[in-house]
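Understanding the architecture of this molecule
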Amino acid sequence: MVAIKIENLSKKFVKKNNVTNALQNINLEIGNKQFFGILGSSGSGKTTLMRIIAGLEVPTKGIIRFDDKIVSKDGKTIVEVEDRNVGMVFQNWALYPHLTNFENIAFPLRVKRLSPSAIKNKVTELADMLNIREVLYKKPRESSGGQQQRVAYARALSKDPSLLLLDEPFSNLDATIKDVARNYTRELQEKLGFTAIIVSHDPADIFSLSKSVGVIHKSLMLQVGKPIDVYKKPLTVEVARATGELNVLKAAISEEGNGYVARAGKNLSIPLDLGIDSSNFSRGEGTIGFRPDEIKVVRLEEDPSSIGKGFFECGEGIVVISSYSQGSFRVNLKLEDSEGEFFSLNNTPIPAGEKVRIFIRKGSAILFPLNGHEIPAK
Amino acid sequence: MPNHYLRITRRIAHHIVLIVLAIIWLFPVYVLVINSLKSTASVLTTPILFPAASSLTAIITVSRAISGTLLNSLIIAISVAAVSAIIGSMAAYYFYRATSKINDVIFTIIAIATFIPYEVTAVPLIKLLINIHIFDSLPGLIFSFLIFFLPTGALLMSIFLAVLPRSAIESARIDGANNWTIFSKVVFPLTYPGLVSTFIFVFIESWNNFFIPLMTTNTPNISTVSLVLQSYTGGYGVLYNDSFAAAAVASVVPLVIFVLLGRYFVRGLMAMGNGAKG
Amino acid sequence: MKFQKSIIFSIPALIFGAVLLYFLLWNLYFSFTNWSTSGLVIKFVGLQTYGKILARSDFISTLSRTLLWTLGNFLVCNALGVLFASLIFFLKNQRLKTIYSSLFLYPLAIALSAVAIIWDWIYSKSEGIDYIFRHLGLPSFSWIGSASQALPSLIIITMWVYSGLAAIFYLAAFQNVSSESIESAKLDSAGPFRILRKILLPESKNAFIVSSALLIIFSLRTFTIPYVATGINPNTETSVLYLFNFFDYGYYADAAVVSIIVVVIAIVVVIPYALFGIKRWISA
């Protein structure tokens, strides 16, 4: 219900004699009714960006517009938090511990001086939508984590905000209910039609919810785009790492036939799919990345036909160690005559020291562009 | 096994030392109690360290004599404690919200105001009270107490408020609440224990204060109970059971509060030095 | 409503703070005059009144008594505070810990004028503690009645009042020490004294600073105990009593000079403490 435009936004924090750049030169447009994700690790500046949008912090430089109206500009708040009509779900939910869940949800409505019956209707409607009717008259601490989170949603939504801000809303939830929470978040947004921004370090939140994502790293917005594009075609190693696990190898890049090949050591050679515009990419020394689930390994004596279609053999490696994580074995590998380690996910562990054949999914290796690491223009 | 005996001996010694120290620390109260309960006859026959047959005569006589000042003390201590806690927590709310450097300066001033030897302000204080015609009156006393205890209240509440999660106030702002709503509906209820501590601390301190009423009053019926004790000090013609009875009557209120709500008093004390951990 | 408007909330407190500041400036102003009820006109005399006061031997003796009293309190109460805190800390029973802490702290809840009365009688010749001393064949003391014994006797009173204050700060510091490091010391078969010396005390620097600052400030303020117990008496007079005496006799400029000197001493102690407190407060 509101479109947001951010122009040349920077934020500096000054503490004693230390100046920290929390955000530098951010430009962003978030369309009306869009679900936008801000992805970044802790300390990247992502929460600061959200707090500036909310109006809880003032940008040092730059302009923020809600629709066409300027709400913050160059160190000044033009429209106060109270008047921005935003709802926010805090990481720790920030429920008022001394009030019942009902009163928590009713708080923004009481501030607006709605009639008691209107308040009751609104709270009950939201409670039904979020399935928290049975805990309405309990205090937040007497409710489960999932319930508290839904109360926080209901409070944020009770005043019909045009923008909902979600600050790591799932990080305090058990893994089992995270998906449930993501699902009702999506449903609420579709049903109520508010613009939403979610800030998270967890790519799962972004991929399950947002239609568009901005990846922020060390105060810089490195890439903005559809989640799938950002995942498949990250501009920098940092973006690739923020969106999922990544193997990175130094490699020699050369032109061969009508394409490019990356070689690491004697044994590994990976053809690269660079698309049309290859002028940006380096030749000679370069950095390639590939997701661990895009490579598979097979012991020398094993039959490689178990590996699915789309994979082709690209070289040979030596197992450093096998460990277990989340349903599969993580096999760490090195190359015989080259530095650097990488890993693959396997159904069975492979003893250390054993040689394996490496397969990679066609077209999945990423060559990072020359200027990809560089900081965008000041 | 000798180690075993060593440990038991140590434990016994530990307890004995504590008990001896506790007895020494309780000794003045023992003296206070036994002597305030002595009759005039036994005053003349026993030294003050030994008990005698008890009688409530001294307590009753003294209570009658100082009942007016007891009431004054109660009115002053309650109103000063309440105003200091409430106004102090409002100021603390400002400190909590403000981000400018002035904040540090004002806070330093408040800390100095809390700890200044207030005796030094006696002369200007009296001149001011006389000028605004409240010298030697209950309002004048309350005003004088507030000058010294409001900074204490603000200091204590600032420290209690510092542990308040910022997100509680931020979410109230996002919910559209103004300062007054945030203060009354969120900050005030959430800092309730700190408020009680501040109230108790200021209550006990102002009940016990001697110097302020000494300076700002000169008629006995405006006096407070801790000041009136002065007339019961030892000297020719004063029987010590009256002295002790007066001290006992004056000490009952703060001591009962200390026994019942001591933890709040301790939190107040701790906050004065230790920050919010108390 | 803009949040900057929250400054309104501080206005009532600031008004009272401003009054206090006005008092201090008032003192400063009149400390440069010769104002007294016996003089006819108030004249600016620069530092003349300061010179006069600083040259008086009774000013020097009350100031040195105040500083000696402060030093005595600082040493005795800190030492007893550590003793009480460690005795209480090594107790296992939580209830006993609370009871003993309260036992050492309760004198703080009693009016100092009542404290003065109680101790005045305890110290009284023939009827007080002297009675026991005499019957045990111990030497007799004049306590607050004699010039040489008055100050130590008064320090005993303030020791009784303020040691518990130091104790709770030390106890809080001890309880903040991680139980792992104490347990690992116990595994190394360290005794309580070693644990106290090597682990607890080094972690108590904050408690030391805070309790010392409060003890010093309370000692500088000492008025009620000597005033109620002995009246204005050259053996027990402190700086604030001295200034009260000037005021009583109408020597306002002289009182102002003593006030400024006391304030300066107090501020030298308060400012570092306040800054220290602020640092902790802001980083909290």
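Before any of the text, the structure's been laid out above.
Quantities reported herein were computed from a predicted structural model and do not represent experimental measurements. (Residues numbered from 1 in each chain as written. Chains lettered and ligands numbered in written order. Predicted model: local features only at pLDDT ≥ 70, side-chain atom pairs only at ≥ 80, totals over all residues. Heavy atoms only, no water.)

Right, let's get into the overall build of chain A. Along its length, chain A carries eight helices and 21 strands. Its C-alpha atoms put chain A at 75 × 45 × 40 Å along the principal axes. Per-residue burial over chain A gives 52% buried out of 378 residues. Put simply, of all contacts in chain A between residues at least 6 apart along the chain, 65% involve residues at least 24 apart. Only carbon and sulfur atoms are counted for the fraction: they give 49% of the accessible area of chain A, which is about 18,000 Å². (Helix = DSSP H or I, 4+ residues; strand = E, 2+ residues; numbered from the N terminus. Buried < 20%, exposed > 50% of the residue type's maximum accessible area, 1.4 Å probe, protein only. Contact = heavy atoms within 4.5 Å. Areas by Shrake-Rupley, 256 points an atom, 1.4 Å probe, with all protein chains shown as cover.)

With that settled, the discussion passes to the interface of chain B and chain C. Taken together, the contact pairs 90 residues of chain B with 89 residues of chain C. For the pairing of chain B and chain C, the buried interface totals around 8,500 Å² over both sides, and the portion due to carbon and sulfur atoms is 80%. Connecting chain B to chain C are zero salt bridges. In this assembly, chain B and chain C are joined by 12 residue pairs in polar contact (both at pLDDT 80 or more). A breakdown of the residues in the side of chain B that touches chain C according to their chemical character gives 66 nonpolar, 17 polar and seven charged. (Buried area = accessible area lost by both parts, 1.4 Å probe. Salt bridge = Lys/Arg side-chain N within 4 Å of Asp/Glu carboxyl O. Polar contact = N/O pair within 3.5 Å; in protein donor to acceptor, adjacent residues only side chain to side chain. Nonpolar A, V, L, I, M, F, W, Y, C, P; charged D, E, K, R; others polar.)

In this structure the tally under the stated criterion is six cavities of 30 Å³ or more. Here the largest cavity defines a volume of roughly 540 Å³. Forming the boundary of the largest cavity are 33 residues, of which Tyr118 and Glu205 of chain B together with Leu112, Phe218 and Arg221 of chain C lie nearest the centre. Mapped onto the lining of the largest cavity, the elements with two or more residues apiece are helix H4 (102-115), helix H6 (138-161), helix H9 (192-208) and helix H12 (240-274) of chain B together with helix H7 (147-176) and helix H11 (224-230) of chain C. Across the lining of the largest cavity, the residue classes break down as 23 nonpolar, seven polar and three charged. (1 Å grid on protein atoms, 1.4 Å probe; cavity = no way out; pocket = protein on both sides within 12 Å on 5 of 7 lines; lining within 4 Å. Points joined across faces, edges and corners; volume = space filled by probe spheres on them.)

So, about the pattern of salt bridges. Counting across every chain of the model gives 24 salt bridges over all chains. With a shortest N-O distance of 2.9 Å, Glu7 of chain A and Arg65 of chain A are connected by a salt bridge. Taken together, the residues span a long stretch of sequence, with Glu7 of chain A in strand E1 (residues 4-15) and Arg65 of chain A in strand E4 (residues 61-66) at a distance of 58 residues. Assessed through its relative accessible area of 22%, Arg65 of chain A is described here as partly exposed. Arg51 of chain A serves as the salt-bridge partner of Glu57 of chain A, at 3.3 Å between the closest nitrogen and oxygen. Per residue, the accessibility class of Glu57 of chain A equals that of Arg51 of chain A, and both read buried. Salt bridges here are not isolated pairs; linked through shared partners, they connect Lys11, Arg51 and Glu57 of chain A together with Glu170 of chain B.

As a further point, take the environment of Met1 of chain A. Residues and elements named next belong to chain A. Position of Met1 relative to the elements: it lies in the segment before E1. Considering only alpha carbons, one finds Met1 and Phe194, 193 residues apart in sequence, at a separation of 5.2 Å. In this structure Met1 touches Asn32, Lys33, Asp67, Pro161, Ser162, Leu192, Gly193, Phe194 and Thr195, once residues within four positions along its chain are discounted.

The subject of this paragraph is the layout of surface pockets. Size it by volume and the second largest pocket reaches roughly 1,200 Å³. Lining the second largest pocket are 34 residues, and of these Arg10 and His14 of chain B together with Phe90, Lys92 and Pro192 of chain C lie nearest its centre. Those elements that place two or more of their residues in the lining of the second largest pocket are helix H1 (2-36) of chain B together with helix H3 (57-89), helix H4 (94-105), H7, helix H8 (179-187) and helix H9 (192-200) of chain C. Ranked by residues supplied to the lining of the second largest pocket, first place goes to H1 of chain B with nine residues. Tallied by class, the residues present in the lining of the second largest pocket amount to 18 nonpolar, nine polar and seven charged.

So, on to the sheet that holds strand E8 (residues 163-167) of chain A. Residues and elements named next belong to chain A. Spatially, six strands are ordered E7-E8-E9-E3-E10-E11 in an open sheet, and the strand pairing comes out mixed. Only two strands of the sheet have a single neighbouring strand rather than two, namely strand E7 (86-89) and strand E11 (220-225). In this sheet, neighbouring strand axes are inclined to one another by 15° on average, regardless of whether the strands run parallel or antiparallel. Here helix H4 (residues 145-157) sits on the sheet in contact with E7 and E8, set at roughly 170° to E7. (Pairing = 2+ DSSP bridges. Axes fitted to C-alpha atoms, helices over the stretch in contact; angles between N-to-C directions.)

Right, let's talk about the nonpolar core for a bit. Side chains of nonpolar character tend, in soluble globular proteins, to be buried together. If you look at the biggest cluster of nonpolar residues, it comprises 209 residues, and the most contacted ones within it are Ile147 of chain B together with Leu165 and Phe223 of chain C. If we ignore the near neighbours within four places in the chain, the residues touching Ile147 of chain B are Leu125 of chain B together with Phe16, Val19, Leu20 and Phe23 of chain C. Ranked by size, the runner-up nonpolar core spans 42 residues in total, among them Phe35, Trp93, Leu166 and Phe170 of chain A. (Core = buried A, V, L, I, M, F, W, Y, C linked by side-chain atoms within 4.5 Å.)

Worth remembering: the numbers are spatial, not functional.
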